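Fold and contact review
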Amino acid sequence: MADKTPHQNITFPLPQGQVTDTGHGYLATPPSGSGPAVIVIQEWWGLTDHIKEVTDRLAAQGFVALAPDLYGGWITHDGEEAGQMMSKLPAEEGARQLAGATDFLLAHDDVTSRTVGAIGFCMGGGFVLALAAQQGEKISAAVPFYGVGQAVPETYTGVKASVQGHYATEDEMYPEADARRQEAQIREESGAEVEFFYYQAGHAFHNDENLLGTYDAEKAELAWDRSVDFLRKKVV
């Protein structure tokens, strides 16, 4: 059953909309107190312990990291319920919350970068690409992990960010052939730097909560190291 996340610690204003004018999320800052900005976008489970941990790991690497809570405080560990929760989040509403998170970080006193990076997983991977397409030059690095869901764009002409994708060859939710077509489409339509990596693994191979039984520690570490290095280079 759905439960409330214990991880909200920040609010931020949102662009005008029909749901709420306030966004919520989890913000982690680096030991130095300042650094470049990265948005962490949740899977369909919500703002879980795993997403908090990813955000904390990025902060430990020197980033000011913000994980917006796209579900308004709710989390689940049940796949059917997660699918229902994801289906109730309109792509436009998720994008509005991420736009607010982007502007919040760019105005934050602890942020040293002129742009924002974004990393997301599963549903969040789709929203990473949507955010890059909609926010243009504000997003300098987009890192989707096996992105799926309602926010996967139909066109990538607005993408100005460098893109580093992490996809799985045994992913039943987003097959490798679809990922390779997406890689080519982003490169063709955006003209941006695009690099996809493909891992012999299943969907959600990075999530060590292993709710789908597909976690792969070795490949998760490799993908993580590549992502952090990429964000360091591109978020300036």
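None of the values given here were measured: they were computed from a predicted structure.

Section: the side chain of glutamine 164
Along the chain, the position of glutamine 164 falls in strand 9 (residues 162-168). According to the relative accessible area criterion, glutamine 164 is buried, its value standing at 4%. There is a polar contact of 2.8 Å between the side chain of glutamine 164 and the side chain of histidine 166. The contacts of glutamine 164, once residues within four sequence positions are left out, are Ala142, Val143, Pro144, Glu195, Phe197, Arg226, Ser227 and Phe230.

Quick word on the packing of aromatic side chains
Applying the stated criterion across every chain yields a total of ten aromatic pairs. With a centroid separation of 6.4 Å and 40° between ring planes, the pair formed by phenylalanine 145 and phenylalanine 205 is classed as tilted. Of the two residues, phenylalanine 145 is situated in strand 8 (residues 139-145) and phenylalanine 205 in the loop between strand 10 (194-199) and helix 6 (217-234); the sequence distance between them amounts to 60 residues. There is no split in this pair, since phenylalanine 145 and phenylalanine 205 are both buried. With a centroid separation of 6.3 Å and 45° between ring planes, the pair formed by phenylalanine 196 and tyrosine 198 is classed as tilted. What makes phenylalanine 196 buried here is its relative accessible area of 8%. If you follow lysine 4 out to its NZ or CZ, it ends over the ring of tryptophan 74, 4.6 Å from the centre.

Topic: the side chain of aspartate 69
By secondary structure assignment, the location of aspartate 69 is in the loop between strand 5 (64-68) and strand 6 (74-75). It turns out aspartate 69 is buried and unbridged, and the closest side chain with the opposite charge, lysine 4, is 6.9 Å from it. Within polar-contact distance, the side chain of aspartate 69 engages the side chain of glutamine 8 at 2.8 Å. In this structure the side chain of aspartate 69 is engaged in a polar contact, spanning 3.2 Å, whose partner is the backbone nitrogen of tyrosine 71. Discounting chain neighbours no more than four positions away, the residues touching aspartate 69 are Thr5, Gln8, His24, Gly25, Gln42, Leu47 and Gln97.

A few points about the UniProt feature "domain: Dienelactone hydrolase" (unreviewed entry) in the protein chain
Per the UniProt record, "domain: Dienelactone hydrolase" (unreviewed entry) is found at residues 25-233. With 39% helix and 23% strand, residues 25-233 has end C-alpha atoms that lie 25 Å from one another.

Notes on a nonpolar patch on the surface
Taken together, the side chains of Met173, Leu211 and Leu212 define a hydrophobic patch exposed on the protein surface, amounting to about 230 Å² of accessible area. Position of leucine 211 relative to the elements: it lies in the loop between strand 10 and helix 6.

Things to note about the nonpolar core
Counting residues in hydrophobic clusters, the biggest one holds 77 residues, and the most contacted among them are Leu58, Leu105 and Ile119. With seven residues, the top contributor of residues to this core is helix 4 (residues 123-135). Sequence-distant contacts of leucine 58, defined by excluding residues within four places in its chain, comprise Val38, Val40, Phe63, Ala65, Ile119, Trp224, Val228 and Leu231.

A closer look at the environment of valine 152
Positionally, valine 152 belongs in the loop between strand 8 and strand 9. A relative accessible area of 23% places valine 152 in the partly exposed class. Placed 21 residues apart in sequence, valine 152 and leucine 131 show a C-alpha to C-alpha distance of 9.7 Å.

Here's the deal with unusual backbone geometry
Across residues other than glycine, the phi torsion is negative in most instances, and most of the peptide bonds are trans. The backbone phi angle of alanine 204 is positive, close to 65°, even though this residue is not glycine. Overall, the relative accessible area of 8% leaves alanine 204 in the buried class. If you check the backbone angles, asparagine 210 has positive phi at about 55° while not being a glycine. Secondary-structure assignment places asparagine 210 in the loop between strand 10 and helix 6. Relative accessible area serves as the criterion here: at 36%, asparagine 210 is assigned to the partly exposed category.

Focus: the sheet that holds strand 5
Judged by pairing direction, the sheet is mixed, and its eight strands sit side by side in the order 2-3-5-4-7-8-9-10 without closing on themselves. On the outer flanks of this sheet lie strand 2 (10-13) and strand 10, each paired with one strand and no other. Shown here is a sheet whose adjacent strand axes are inclined to one another by a mean of 25°, direction ignored. Relative to strand 5, strand 4 (residues 35-41) runs parallel, the two sharing three bridges. What sits directly across from alanine 37, in strand 5, is valine 64. On the sheet, helix 6 packs against strand 4, strand 7 (111-121), strand 8, strand 9 and strand 10 and is oriented at approximately 170° with respect to strand 8.

Calculation rules
Residues numbered from 1 in each chain as written. Predicted model: local features only at pLDDT ≥ 70, side-chain atom pairs only at ≥ 80, totals over all residues. Heavy atoms only, no water. Helix = DSSP H or I, 4+ residues; strand = E, 2+ residues; numbered from the N terminus. Buried < 20%, exposed > 50% of the residue type's maximum accessible area, 1.4 Å probe, protein only. Polar contact = N/O pair within 3.5 Å; in protein donor to acceptor, adjacent residues only side chain to side chain. Contact = heavy atoms within 4.5 Å. Phe/Tyr/Trp six-rings, centres within 6.5 Å; stacked < 30°, edge-to-face > 60°. Lys NZ or Arg CZ within 6 Å of the ring centre and 35° of its normal. Lys, Arg positive; Asp, Glu negative; His and termini not counted. Salt bridge = Lys/Arg side-chain N within 4 Å of Asp/Glu carboxyl O. UniProt positions renumbered as here; feature names shortened; annotations may be inferred. Patch = residues over 30% accessible without salt bridge, like charges linked within 9 Å, V, L, I, M, F, W, Y side chains within 5 Å. Areas by Shrake-Rupley, 256 points an atom, 1.4 Å probe, with all protein chains shown as cover. Core = buried A, V, L, I, M, F, W, Y, C linked by side-chain atoms within 4.5 Å. Pairing = 2+ DSSP bridges. Axes fitted to C-alpha atoms, helices over the stretch in contact; angles between N-to-C directions.

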